[in-house]
Amino acid sequence: MNESDDRQRLAALRAEINQHNFRYYVLDRPAVPDAEYDALMRELEAIEAKHPDWITPDSPTQTVGAPPSHAFETVEHQVPMLSLDNAFDADEFAAFDRRVRERLGHDQPVTYLAEPKFDGLAISLTYEGGVLARAATRGDGRRGEDVTDNVRTIETVPFRVDLPGDSRIEIRGEVVMTHASFAEINRRAERRGEKVFANPRNAAAGSLRQKDPRVTARRPLHFFAYGIGAAEGIEAPETQSGWLDWIERLGFAVAEHRDRVEGLEAAQAFHASLGEKRAGLAFDIDGVVFKVDSLADQQRLGFVARAPRWAIAWKFPAEEKLTQVRDVEFQVGRTGALTPVARVEPVAVGGVTVANITLHNMDEIERKDVRIGDWVRVRRAGDVIPEIIEVLPEKRPDDARKIELPGTCPECGSEVLRDETQAVARCTGGLYCPAQRREAIRHFASRRAMDIDGLGEKWITLFLERHLVEHVDDLFRLNRDDLIALPRMAEKSADNLLASLERAKETTLARFLFALGIPLVGSETADDLATHFRSLTPLRQAKVEDFIEGRGIVGIGPKREESLREWLSAQSAEPSTPLADRVAASRPHGIDEQTLERVTAAFETVGDLARAAEQGQLQNETITKVPGIGPEIARSIVAFFKQDHNNEVIDGLLDAGISWPAPKGPVEDAPLTGKTFVITGSLPDMTRDEAAARLTALGAKVTGSVSSKTSALIAGEAGGSKLAKAEKLGVPVLNAEALARLLDDPANIIADP
Ligand code: JCF
């Protein structure tokens, strides 16, 4: 062997021995007899003995046990992993086929490789010298996560294939789980009171992203190859189908139902035929992938930004099934809202078994006229929640019953009231209602809120039943003895839960605010509040006026402002003439009595009104002082912090040691303190909300309308009336570029107005 052969062999041996170590030490599932392993080690030792300077500290001869885990490090794809364009019906596929022929400059039927589109998780496997060196998820297409250790546990991923020592190839494909395995895993999870997966795709993704490969190893995952990425030292075939045959010969699983089809009609026939087989397949598929078979043609067609021009995924229509409504129950949510849920005869549709379907509210029930006992058509597309499309009136049984909104809460017996719109019915039990309390705690513990790992519905229900927890702050007073005394709570789970609670105490203001469950405050609004108020105390003390400010005169919009201006210009009265007198003599057009009274109450003289009209201060506007917070949310926040029991819980949480990092630097020091901006038009690089958030973070105020007090108007594309007003009032106007400079360095601020 010459030196370069030795080099190659050394690398391959190290990679392979690392695989065996992993199998042996981590999975307890050796892949080869000890003798074979020993032979590989001896061969490696021999090469290292010949070239002692090649010995590295990470060589298997120098280490003990499994190779270090590099779980979930980011890896860059050498060749981007693209996605596929979709076609949703025959017309869209025909349009794709036409575009292909146009671009290829001929009108012959195109030969496609057709294969099922598996609904799983795309991964890329890199083989160096025939040995699996790395597995990565698709990620955003350019960068994915290193999941090598987990992928090594998949039986259908060969860890060594017969390829030359100097070769390097990326095999791409889909990791999937069968329906049967998915059902089995969920049965097991349910028995243990763990979370169940929604569908095989999520189960596959969740299994592959386990931190412990031993868990992945127990999940029956499969890998189907569909193509190659980067390839070096390998003779390429001339067609896509040639690649797939080659990949299959190497030892990979490739879709069995694949075929070369020539022309549009054959493609349509393949799609129809696979659609019929779909329900009987072991795996979920959601369409057919068609690829131009000739690799030379693929090259001529090239790519657009995210997808190749030579391929398309022609999706199957969302699956629909018939089933019968057995009952309708009302679920009580965190805010007391009663949601009707139809319990239907379980049906498999779109890859999951559906037994419960939300009907959203009473309006929807009336609109669809759903009754208990009805046959209904149900649908589920992709990850979408199942829905009842329609009732089959001809199949309505004689004893079908109308669905009635209960007068009292099914969980606590409190009265149920419908809001003004009549759409939402609510339990009036508030925190007396166990369902509302349970949902409030679940929300508090959820991932985007306090992220208390392991605190699921089962535990919460138990805690409430045993009166260990009444409100969220009680969670932090749970002690080990209380927990261990609970049925089915092992010491280890108790310790894990206590550790999660301890970890959750260190949080952010935004998460904390979201966790409180203030009506109308979602996680984005909570972010906005945290950015603006920076700490809890000022927010707790805020009044509605701190969020919003009314300007101008109620009842006056742009049209009426214009008619007042017209009226003013037709008056020849002295500016000092009392306004009421002038109005009595000549009434402005198009303004009702009540509004006119408001105008005359607000301005003493004709001159006062003229000045206000000149400055554009008549129009009634609500100005939001906190970006992202409108009047309705503002009122909800203020009402929340007014309630004593909410403040007791908040104080309890703070006493328990919940904390978040202090805001950096006092607001007064912020570079844009005292400046007021208005944003109009669309900005190229960010939304108006983002721009507002960034300005407020620098201490500025962002309001909704231009006045003489505005420091500057930020005007993107299509500025409109605000731009005109700013120009009229002499308010400086900044374009997107100037805004970028300002955000970059607030010293670039314009002079005070
Ligand atoms: O089965 C799939 N989900 C699948 C995805 C099959 C393919 O042939 C693909 C794909 C994504 C991208 N081909 C590309 C180029």
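Residues numbered from 1 in each chain as written. Predicted model: local features only at pLDDT ≥ 70, side-chain atom pairs only at ≥ 80, totals over all residues. Heavy atoms only, no water.

A. Local environment of the site of the ligand. The environment of the ligand is made up of L82, L84, E115, P116, K117, F118, E174, Y226, V289 and K291. Within the contact set of the ligand, an oxygen atom lies 2.8 Å away from a backbone nitrogen or oxygen of F118. One of the side-chain N or O atoms of K291 is found 2.6 Å from an oxygen atom in the ligand. Contact with the protein chains covers 90% of the free accessible surface of the ligand, which is 360 Å². Elements represented by at least two residues in the shell around the ligand include exactly β3 (111-118) and β10 (285-292). Broken down by class, the residue content of the shell around the ligand amounts to 6 nonpolar, no polar and 4 charged. (Near = heavy atom within 4 Å. Polar contact = N/O pair within 3.5 Å; in protein donor to acceptor, adjacent residues only side chain to side chain. Areas by Shrake-Rupley, 256 points an atom, 1.4 Å probe, with all protein chains shown as cover. Helix = DSSP H or I, 4+ residues; strand = E, 2+ residues; numbered from the N terminus. Nonpolar A, V, L, I, M, F, W, Y, C, P; charged D, E, K, R; others polar.)

B. Spatial organisation of the nonpolar core. Ranked by internal contacts, the top residues of the largest apolar core, which has 56 residues, are I452, F463, L475, F547 and I637. Every element with two or more residues in this core is listed here: α12 (434-445), α13 (457-465), α15 (491-504), α16 (509-515), α17 (523-533), α18 (536-541), α24 (631-642) and α25 (644-655). In contact with F463, other than residues within four places in its own chain, are L455, L468, V469, L475, L478, L483, L486 and L497. Counting 37 residues, the second-largest nonpolar core is a separate cluster that includes I123, L125, V175 and A204. (Core = buried A, V, L, I, M, F, W, Y, C linked by side-chain atoms within 4.5 Å. Buried < 20%, exposed > 50% of the residue type's maximum accessible area, 1.4 Å probe, protein only. Contact = heavy atoms within 4.5 Å.)

C. Region of interest: empty space enclosed by the protein. Using the criterion set out here, one finds 2 cavities of 30 Å³ or more in the structure. Of the voids in this model, the second largest cavity is the one considered here, and its volume is about 40 Å³. Taken together, D528, T531, H532, P627, A693 and T696 make up the full set of residues lining the second largest cavity. When residues of the lining of the second largest cavity are traced back to their parent elements, those giving at least two are α17 and α26 (688-697). The element best represented in the lining of the second largest cavity is α17, accounting for 3 residues. Each residue belonging to the lining of the second largest cavity can be placed in one class, and the counts come to 2 nonpolar, 3 polar and 1 charged. (1 Å grid on protein atoms, 1.4 Å probe; cavity = no way out; pocket = protein on both sides within 12 Å on 5 of 7 lines; lining within 4 Å. Points joined across faces, edges and corners; volume = space filled by probe spheres on them.)

D. How the structure looks around a negative patch on the surface. Judged by side-chain charge, E524, D527, D689 and E690 come together as a negatively charged surface patch. Mapped by element, the contributors of at least two residues to the negative patch are α17 and α26. With respect to the helices and strands, the residue E690 is situated in helix α26. (Patch = residues over 30% accessible without salt bridge, like charges linked within 9 Å, V, L, I, M, F, W, Y side chains within 5 Å. Salt bridge = Lys/Arg side-chain N within 4 Å of Asp/Glu carboxyl O. Lys, Arg positive; Asp, Glu negative; His and termini not counted. Charge placed at Lys NZ, Arg CZ, Asp CG, Glu CD.)

E. Main features of the domain arrangement of the protein chain. Per the domain assignment, the segments making up the protein chain are domain 1 (3-59), domain 2 (86-315), domain 3 (320-402), domain 4 (553-619) and domain 5 (667-744). Here the C-alpha centroids of domain 4 and domain 5 sit 30 Å apart. Between domain 4 and domain 5, the residue contacts involve 4 residues of the former and 4 residues of the latter. Both sides of the domain 4 and domain 5 interface together cover about 350 Å² of buried area, and 41% of this is carbon and sulfur. There are 0 salt bridges connecting domain 4 and domain 5. (Domains from an automatic or database assignment. Buried area = accessible area lost by both parts, 1.4 Å probe.)

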